[in-house]
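An overview of the molecular structure
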Amino acid sequence: MRPPISRTDLATILDEADTAAARLRRRLGLRRADLDDLRQDLLLDLIQRLPAFDATRGSIGAFAGIVLRNQSCRIAARVIRERRGWNGGLLSLDVPGSDGETLAEQLGENDGLSAWHGQTASGEAAVERRIDLARALGALHPRDRSLCAAATHSPVRVLAERGLGSRAGLYRRIAELRCALAAHGLRVA
Amino acid sequence: MKHATVTTRSARRLSEMEFAGWVGAAAPGDRLEYHRGFLAVDTIPVISKLPEPDRAALKQTAGRAWWASEQRLVHLVQERLGPDLFAYLAIARPKPKHAEASLAALLVDVEAA
């Protein structure tokens, strides 16, 4: 088993990581709040690579410097790639605005991340959908409710093998269920 | 705010699923003419003058309309246009904003079944 790292080496590693994180944050133009995250990412990678350190080939400081520089390049490339994907920089939801409210407090539900990706993000709509779902399921025969639940996990072939009915019969019942659920305002997700 | 009702009459025959979709999306008071003719005759084999696929589809749509009225989703009315000629209308009813049982209770029942 590899001996634990000495206090002196540990201090060296932490210093190197602090310096590398500060340099990377400055170069990428990130906020101060991101410094800890960067430091943690860099340190984690360095610790994982420590078993490869060979004292006969150089000092721990030199080893840490090389590892941290490489990981900094990878993190920088990732950040730049993400920025390109977002067509610009990322904004933190915790950034305080001019009137003291954070960005998260100023954004409406429909302006959130989910809405940007085309998902329905309205809490009111979600509540109405839940009511519609409860009302529609409540109107179904218990036998059909069971079929609904079973069909969410298993294909018709498996349901038929379990003895819930013939395949043709199951397909017919599912078609009827689709109509019934559509009439209650539920659509295919 | 008062909602302006919309009367819809499809240029072609509606399928059962299309009818159900309309019921699900309609605002209270919206009207859909789902058939024009004499339903009792038009849905009976041999007597109906409709091609068999159309007759079968009409029978399904009419059945779904009846089901929707029993579910209190629509009112079904007919308007006499002439001898043996009626417009069959579905008028959307307000959808209840509460469920008979909670979704959680229903899901528990299903799991227990």
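Note that the structure is predicted; figures quoted are calculated from it, not measured. (Residues numbered from 1 in each chain as written. Chains lettered and ligands numbered in written order. Predicted model: local features only at pLDDT ≥ 70, side-chain atom pairs only at ≥ 80, totals over all residues. Heavy atoms only, no water.)

**Points about the overall build of chain B**
From N to C terminus, chain B includes 4 helices and 4 strands. Order of helices (α) and strands (β) in chain B, N terminus to C terminus: β-α-β-α-α-β-β-α. Residue pairs at least 24 apart in sequence account for 55% of intrachain contacts in chain B once pairs closer than 6 positions are excluded. Working note: accessible area of chain B is about 7000 Å², and carbon and sulfur atoms make up 58% of it. (Helix = DSSP H or I, 4+ residues; strand = E, 2+ residues; numbered from the N terminus. Contact = heavy atoms within 4.5 Å. Areas by Shrake-Rupley, 256 points an atom, 1.4 Å probe, with all protein chains shown as cover.)

**A short note on the pairing of strand β3 (residues 74–82) of chain B**
Residue and element names in this part refer to chain B. Direction of pairing for β3 relative to strand β4 (residues 85–92): antiparallel, over a ladder of 8 bridges. Paired with His-75 across the strands is Ile-91, a residue of β4. Here β3 hands over to β4 after 2 residues, with Asp-84 in that stretch at a positive phi of 55°. (Pairing = 2+ DSSP bridges.)

**Overview of helix α6 (residues 123–139) of chain A**
With 17 residues, α6 of chain A extends 24 Å from end C-alpha to end C-alpha; this agrees with the ideal 24 Å at 1.5 Å per step. Among the residues making up α6 of chain A, those that are buried are Asp-132, Ala-134, Arg-135, Ala-136 and Leu-137 of chain A. (Expected span 1.5 Å × (residues − 1). Buried < 20%, exposed > 50% of the residue type's maximum accessible area, 1.4 Å probe, protein only.)

**Thoughts on the nonpolar core**
Formed by 37 residues in total, the largest nonpolar core has its most connected members in Leu-140 of chain A together with Phe-19, Trp-22, Val-23 and Tyr-34 of chain B. Residue assignment for this core shows that the elements contributing at least two residues are α6, α7 (142–153), α8 (156–161) and α9 (167–183) of chain A together with α1 (16–25), β2 (31–37), α3 (52–70) and β4 of chain B. Looking at this core element by element, the count peaks at 8 residues for α9 of chain A. Leu-24, Leu-42, Leu-43 and Leu-46 of chain A belong to the second-largest nonpolar core, a separate cluster that totals 21 residues. (Core = buried A, V, L, I, M, F, W, Y, C linked by side-chain atoms within 4.5 Å.)

**Quick look at the confidence of the model for chain A**
Low pLDDT means the predicted atomic positions in that stretch should not be read closely. On average, residues of chain A score 83 in pLDDT, and 86% of them reach the 70 mark or higher. Here helix α5 (residues 113–116) of chain A is the element of chain A with the lowest mean pLDDT, 67, and helix α2 (residues 35–49) of chain A is the one with the highest, 92. (pLDDT = per-residue confidence, 0-100.)

**Section: a nonpolar patch on the surface**
The grouping of Ile-44, Val-46 and Ile-47 of chain B at the surface amounts to a nonpolar patch, some 320 Å² of accessible area in total. Its location among the elements puts Ile-44 of chain B in the loop between α2 (39–42) and α3. (Patch = residues over 30% accessible without salt bridge, like charges linked within 9 Å, V, L, I, M, F, W, Y side chains within 5 Å. Salt bridge = Lys/Arg side-chain N within 4 Å of Asp/Glu carboxyl O.)

**Comments concerning the interface of chain A and chain B**
Many structure descriptions define interface size as the accessible area lost when the parts assemble. In this assembly, 22 residues from chain A lie in contact with 21 residues from chain B. Roughly 1800 Å² of surface becomes buried between chain A and chain B when both sides are summed, with 69% attributable to carbon and sulfur atoms. Summed over the three residues of chain A that lose the most area to chain B, namely Arg-135, Cys-179 and Ala-183 of chain A, the buried surface amounts to 29% of that side. There are 0 salt bridges connecting chain A and chain B. Run the count over chain A and chain B and you get 2 residue pairs in polar contact (both at pLDDT 80 or more). Those elements that place two or more of their residues in the side of chain A that touches chain B are α6, α7 and α9 of chain A. In terms of residues, the side of chain A that touches chain B owes the most to one element, α6 of chain A, which gives 10 residues. Among the residues making up the side of chain A that touches chain B, the classes are represented as 10 nonpolar, 4 polar and 8 charged. (Buried area = accessible area lost by both parts, 1.4 Å probe. Polar contact = N/O pair within 3.5 Å; in protein donor to acceptor, adjacent residues only side chain to side chain. Nonpolar A, V, L, I, M, F, W, Y, C, P; charged D, E, K, R; others polar.)

**Quick word on the packing of α9 of chain A against α1 of chain B**
As a packed pair, α9 of chain A and α1 of chain B sit with axes 6 Å apart at the nearest point and diverge in direction by 25°. What the angle tells us is that α9 of chain A and α1 of chain B run roughly parallel. From α9 of chain A, Arg-178, Cys-179, Ala-182 and Ala-183 of chain A reach across to α1 of chain B, where they touch Glu-16, Met-17, Ala-20, Gly-21, Val-23 and Gly-24 of chain B. A class-by-class count of the residues in the contact of α9 of chain A with α1 of chain B yields 6 nonpolar, 2 polar and 2 charged. (Axes fitted to C-alpha atoms, helices over the stretch in contact; angles between N-to-C directions. Parallel < 35°, antiparallel > 145°, perpendicular 65-115°, else oblique.)

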